[in-house]
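Next come the chains, spelled out residue by residue.
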Amino acid sequence: MMLTCPLCGTTDTGHFHRDARRDYRRCQHCALVFVPPHQRLGPAQERDVYDQHENAPDDPGYRRFLSRLFDPLSQRLPPGARGLDFGAGPGPTLSVMFEEAGHPMAIYDPFYSPDTSVLQREYDFITATEVAEHLFEPGRELSMLGDRLASGGWLGLMTKRVTSHDAFTRWHYILDPTHVVFFSEATFIWLAGYLDMQVEFPAPDVALLQKR
């Protein structure tokens, strides 16, 4: 079956893995692993899964989790840098952490904060924590976020990375039915080149891309 990669658009994709519920394809060009479109959930089913998330700003464990991106990114930001938290979810927390550190924040989420006017502005940094793996059109959506960054701005992405085929077959991350695309370090290196950015990997599930 010929399927187009949702990140780079090539049709050079092949079988990577199959479990009891879904197929997983791998792009030979950008190394993205993805679920075929006909095996994704519909919007109502997606929302049902997200509504079960119990994340909140007063949860210290959730703050510690987000600090894996917050700490390295905040160290790279000038005082008062303006940010957008893309895919903020039902309990926006990372935006609160950055605001506490003196950074004005906007938030966007297609289900919980769907004001698209915030996607027309320019920002010094944009974050997307545990979001990239949910994107149906990561090429289009990540390109849009890159366009919204000021020169020298940062795109901070937190998503667990594919390390090997063997590890993928035993990976709990693929059990979530809303996870439909999976990035590896090679994928982020491709993405950085495509967006004309530089990329750093300060943690195993964090990628920081800086606009030139």
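Structure first, text after, so check above.
The shown structure was predicted, so the numbers you read here are calculated from the model rather than taken from an experiment.

Moving on, we come to the sheet that holds strand β8 (residues 181-182). The strand order β1-β2-β3-β8 describes an open sheet built from four strands, whose pairing is antiparallel. The open sheet terminates on both sides in strands that have one partner only, identified here as β1 (13-18) and β8. Where strand β2 (residues 23-27) lies against strand β3 (residues 33-34), two bridges are found, and the strand directions are antiparallel. Bridging from a neighbouring strand, Arg25 pairs with Phe34 of β3.

The next subject is the sheet that holds strand β6 (residues 123-129). Reading across the sheet, the six strands line up as β5-β4-β6-β7-β10-β9 and stay open at both edges, with mixed pairing between neighbours. Looking at which strands have only one partner, the edges of the open sheet turn out to be β5 (105-108) and β9 (197-203). Shown here is a sheet whose adjacent strand axes are inclined to one another by a mean of 20 degrees, direction ignored. With five bridges connecting them, strand β7 (residues 149-158) and strand β10 (residues 206-211) associate as antiparallel partners.

Looking now at the packing of aromatic side chains. A complete count under the given rule lists 17 aromatic pairs for this structure. Put simply, the rings of Phe16, Tyr24, Phe168, Trp171, Tyr173 and Phe182 touch in pairs and so form one group of aromatic residues. The ring of Phe136 carries the charged tip of Arg40 above its face, separated from the ring centre by 4.5 Å.

By size, the foremost hydrophobic cluster in this structure holds 45 residues, and its most contacted members are Leu7, Phe86, Phe168, Phe182 and Leu191. Not counting residues within four places of it along the chain, the set of residues in contact with Phe168 comprises Phe16, His17, Tyr24, Val33, Val162, Ile174 and Phe182. Residues Leu66, Leu69, Phe125 and Met158 belong to the second largest nonpolar core, which totals 17 residues.

Here we take up the layout of surface pockets. Space inside the largest pocket adds up to approximately 750 Å³. Lining the largest pocket are 38 residues, with Tyr50, Gly87, Asp109, Val131 and His134 sitting closest to its centre. Mapped by element, the contributors of at least two residues to the lining of the largest pocket are α1 (43-50), α2 (60-74), β4 (83-86) and α4 (138-147). Across the lining of the largest pocket, the residue classes break down as 19 nonpolar, 10 polar and nine charged.

Now for the environment of Ala186. Looking at the secondary structure, you find Ala186 in helix α6 (residues 185-194). Classification of Ala186 by relative accessible area gives partly exposed; the value is 43%. Put simply, Ala186 and Gly152 are 34 residues apart on the chain and 22 Å apart in space, counted from C-alpha to C-alpha. Once residues within four sequence positions are removed from consideration, Ala186 is found in contact with Cys30 and Ala31.

Listed in full, the buried residues belonging to α6 are Thr187, Phe188, Trp190, Leu191 and Ala192. Packed against the buried residues of α6 are α4, β7, β9 and β10. One or two steps after α6, the chain reaches Asp196, where phi turns positive at roughly 55 degrees.

Take the side chain of Ser95 next. Mapped onto the secondary structure, Ser95 falls in helix α3 (residues 94-100). Judged by relative accessible area, Ser95 falls into the buried class, the value being 5%. Those residues in contact with Ser95 that sit more than four places away from it in its chain are Asp85, Met105 and Ile107.

This part is about unusual backbone geometry. We note that Glu130 has phi near 50 degrees; this positive angle belongs to a residue other than glycine. Backbone geometry at Asp196 places phi at a positive 55 degrees, although glycine is not the residue there. Relative to the elements of secondary structure, Asp196 occurs in the loop between α6 and β9.

A word on the side chain of Thr129. Mapped onto the elements, Thr129 comes out in strand β6. With near-sequence residues (within four places) excluded, Thr129 lies in contact with Leu66, Leu69, Leu94 and Met158.

The rules behind these values
- Residues numbered from 1 in each chain as written.
- Predicted model: local features only at pLDDT ≥ 70, side-chain atom pairs only at ≥ 80, totals over all residues.
- Heavy atoms only, no water.
- Pairing = 2+ DSSP bridges.
- Helix = DSSP H or I, 4+ residues; strand = E, 2+ residues; numbered from the N terminus.
- Axes fitted to C-alpha atoms, helices over the stretch in contact; angles between N-to-C directions.
- Phe/Tyr/Trp six-rings, centres within 6.5 Å; stacked < 30°, edge-to-face > 60°.
- Lys NZ or Arg CZ within 6 Å of the ring centre and 35° of its normal.
- Core = buried A, V, L, I, M, F, W, Y, C linked by side-chain atoms within 4.5 Å.
- Buried < 20%, exposed > 50% of the residue type's maximum accessible area, 1.4 Å probe, protein only.
- Contact = heavy atoms within 4.5 Å.
- 1 Å grid on protein atoms, 1.4 Å probe; cavity = no way out; pocket = protein on both sides within 12 Å on 5 of 7 lines; lining within 4 Å.
- Points joined across faces, edges and corners; volume = space filled by probe spheres on them.
- Nonpolar A, V, L, I, M, F, W, Y, C, P; charged D, E, K, R; others polar.

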